[in-house]
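Overview (structure and organization)
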Amino acid sequence: MEHNPGKYRTDLWIDWCPGCGNFGILASEIKALEELNLEPSKIAIVSGIGCSAKIIHYINANGVHSLHGRAIPFAIGIKLVRPDLTVIVNGGDGDLLGIGAGHFVALGRRNLQMTIILHDNRVYGLTKGQAAPTLPLGVKTKALAIPNIYTDINPIALAISSGYTFVARAYAFDSEHLKEIIKKAIMHRGVSLVDVLQPCVTFNDIHTADYFKKKIYKLEDEGWDPVVRDPKDIEEKALNAIRKSFEEEKIPVGIFYENSLLPTYEERLKNVIKSYPSISPGTTKIEVNGKSIFDRKLFESVFSDFIIDTE
Ligand SMILES: Cc1ncc(C[n+]2csc(CCOP(=O)(O)OP(=O)(O)O)c2C)c(N)n1
Ligand code: SF4
Ligand SMILES: [Mg+2]
């Protein structure tokens, strides 16, 4: 395929506040896709609802702006019927860890090959600054009448304990580093999370670019080794990564945990449905001239292992 550096850009007006961390995520994601040299028609990006969710309109690839909290189930459906596509979910902390938290956990258990990019601004940006699930307990951002009364979720710890096999944190305004992490996440065999610390200049006056600049350090600079090389080390590596992710005096960014030893959901499916994914529901003909057809041979080839002989 011919390399065309501008092919993921659109000329749409970008509807975010000037200075928003979403610009950093957009730039890094576009650069990552360019450098991986993937064909835009072979990429599907799914979002829910939020400022972050608008990103699908600013990247020239297949995009679905779905429902609040439901980006992951949409993405799972797309990946299962079109296993040939690279599937990415972009979502806010409210979207993925509030209303959509159940789907976030269930995806980890599947280890389906896709990448979740979490826009972690710790507020509900689109609806004017309410506390998001990642806002720490006791913190009062400017739109809150009183300090936050909820305990916050640590996305890294939640992802690792849910079964995600590539778990990283990055910073929206360190584009080069974020781009490299997105590339690795997309190339990972299994489900990956990139938790992106994203300043919201309009509603989060606590976790600002200045705040992050003072606190962030890179895991790789202290020789952190996230890779699981032997199944017997899974528990230790996972626990160490979770412990590390709770550091707050200084905030570590980089890859916390990487495990390519577990089977993906696609591989697990293939074990029980022999014809998957060669006969994919997304590319199989189900109608002729507007009339649905029933292809017994196809049906039997897909479900042969499940047909119970009652005679
Ligand atoms: C079912 C449903 N409930 C609530 C809303 C209202 N709503 C829209 S976006 C949003 C939260 C957005 O916050 P987040 O997901 O963190 O995204 P951000 O705007 O911060 O990027 C809410 C509660 C909605 N659109 N649909
Ligand atoms: S409200 Fe916050 S998250 Fe939304 S566009 Fe503005 S700065 Fe970005
Ligand atoms: Mg948010």
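Up top you'll find the structure we're talking about.
Predicted model, so just to flag it, every value in this text is computed and none were measured.

Cut-offs used in this document
Residues numbered from 1 in each chain as written. Chains lettered and ligands numbered in written order. Predicted model: local features only at pLDDT ≥ 70, side-chain atom pairs only at ≥ 80, totals over all residues. Heavy atoms only, no water. Helix = DSSP H or I, 4+ residues; strand = E, 2+ residues; numbered from the N terminus. Rg over C-alpha atoms; globule rule 2.2 N^0.38 Å. Contact = heavy atoms within 4.5 Å. Near = heavy atom within 4 Å. Polar contact = N/O pair within 3.5 Å; in protein donor to acceptor, adjacent residues only side chain to side chain. Areas by Shrake-Rupley, 256 points an atom, 1.4 Å probe, with all protein chains shown as cover. Nonpolar A, V, L, I, M, F, W, Y, C, P; charged D, E, K, R; others polar. Donors = N, O, S within 2.8 Å, 3.2 Å for Na, K, Ca; no water. Salt bridge = Lys/Arg side-chain N within 4 Å of Asp/Glu carboxyl O. Buried < 20%, exposed > 50% of the residue type's maximum accessible area, 1.4 Å probe, protein only. Phe/Tyr/Trp six-rings, centres within 6.5 Å; stacked < 30°, edge-to-face > 60°. Lys NZ or Arg CZ within 6 Å of the ring centre and 35° of its normal. Pairing = 2+ DSSP bridges. Expected span 1.5 Å × (residues − 1).

**What about the overall build of the chain?**
Scanning the chain for helices and strands turns up ten helices and twelve strands. In terms of C-alpha radius of gyration, the chain reaches 21 Å, essentially the compact-globule figure of 19 Å for 311 residues. Oriented by its inertia axes, the alpha-carbon framework of the chain measures out at about 70 × 50 × 45 Å. Across the chain, the fraction of contacts at a sequence separation of at least 24, relative to all contacts at a separation of at least 6, is 71%.

**Some words on the site of ligand 1**
Taken together, 16 residues sit near ligand 1, with C51, S52, D93, D95 and G125 positioned nearest. Interatomic distance of 2.5 Å between a side-chain N/O atom of D93 and an oxygen atom of ligand 1. Measuring from an oxygen atom of ligand 1, one finds a backbone N or O atom of G125 at 2.9 Å. For ligand 1, the accessible surface in isolation is 590 Å², of which the surrounding protein chains cover 72%. Looking at side-chain class alone, the shell around ligand 1 contains six nonpolar, eight polar and two charged residues.

**Here we look at the coordination of the magnesium ion (ligand 3)**
Six octahedrally arranged donors around a metal ideally form angles of 90 or 180 degrees; four tetrahedrally arranged donors ideally form angles of 109.5 degrees. In this structure, D93 (OD), N121 (OD1) and V123 (O) serve as the protein donors to the magnesium ion (ligand 3), at separations of 2.1 to 2.2 Å. Binding-site remark: the magnesium ion (ligand 3) is held by donors from one chain whose sequence spacing is D-x27-N-x1-V. Note that D93 is positioned in helix 3 (residues 93-99) and N121 in the loop between strand 4 (114-120) and strand 5 (123-124), a separation of 28 residues in sequence.

**Notes on the pattern of salt bridges**
Under the criterion given, the structure shown has 19 salt bridges. One salt bridge in this structure joins E222 and K244, with 2.6 Å as the shortest N-O distance. With E222 in the loop between strand 9 (216-218) and helix 8 (234-245) and K244 in helix 8, this pair connects stretches of sequence that are 22 residues apart. Taking the relative accessible area as the measure of exposure, E222 reaches 45% and is therefore partly exposed. Among the ionic pairs, D230 bridges to K232, the shortest N-O distance being 3.8 Å. Look at the salt bridges and you will find they share partners, linking K31, E35, E176, K179, E180 and K183 into a network.

**Quick look at the site of ligand 2**
Contacts to ligand 2 come from W16, C17, C20, C51, N121, G125, Q198, C200, V201, T202 and F203. Residues of the shell around ligand 2, tallied by class, amount to seven nonpolar, four polar and no charged.

**With respect to the packing of aromatic side chains**
Where two aromatic rings form a pair, the distance of their centres and the angle of their planes describe that pair. Summed over all chains, the structure comprises six aromatic pairs. Each ring, one from Y211 and one from F212, has its centre 5.2 Å from the other, and the planes form 85°; the classification is edge-to-face. Using a relative accessible area of 24% as the deciding quantity, one classes Y211 as partly exposed. The buried category is assigned to F212, whose relative accessible area is 1%. Stacked on the ring of Y265, the Lys or Arg R110 has its end atom at 5.5 Å from the ring centre.

**Focus: the pairing of strand 1 (residues 43-47)**
When you tally the buried positions in strand 1, you get five out of five residues, the bulk of the element. Of the two faces of strand 1, the one lined by I43, I45 and S47 and the one lined by A44 and V46 are each fully buried. Pairing between strand 1 and strand 3 (residues 86-92): five bridges, direction parallel. Residue pairing for strand 3: I43 is matched across the bridge by T86. Of the pairings in the sheet, the one linking strand 1 to strand 2 (residues 62-65) comprises four bridges and is parallel in character. Bridged to V46 within strand 2 is V64.

**Considering the side chain of S28**
Looking at the element boundaries, S28 is found in helix 1 (residues 22-36). Using a relative accessible area of 1% as the deciding quantity, one classes S28 as buried.

**Let's talk about the environment of D230**
Note on placement: D230 falls in the loop between strand 9 and helix 8. Taking the C-alpha atoms as reference points, D230 and K215, 15 residues apart in sequence, are found 33 Å from one another.

**Here's the deal with helix 6 (residues 175-187)**
With 13 residues, helix 6 extends 18 Å from end C-alpha to end C-alpha; this agrees with the ideal 18 Å at 1.5 Å per step. Regarding helix 6, the residues found buried are H177, L178, K179, I181, I182, K183, A185 and I186.

Spatial relationships are all this shows, so hold off on functional conclusions.
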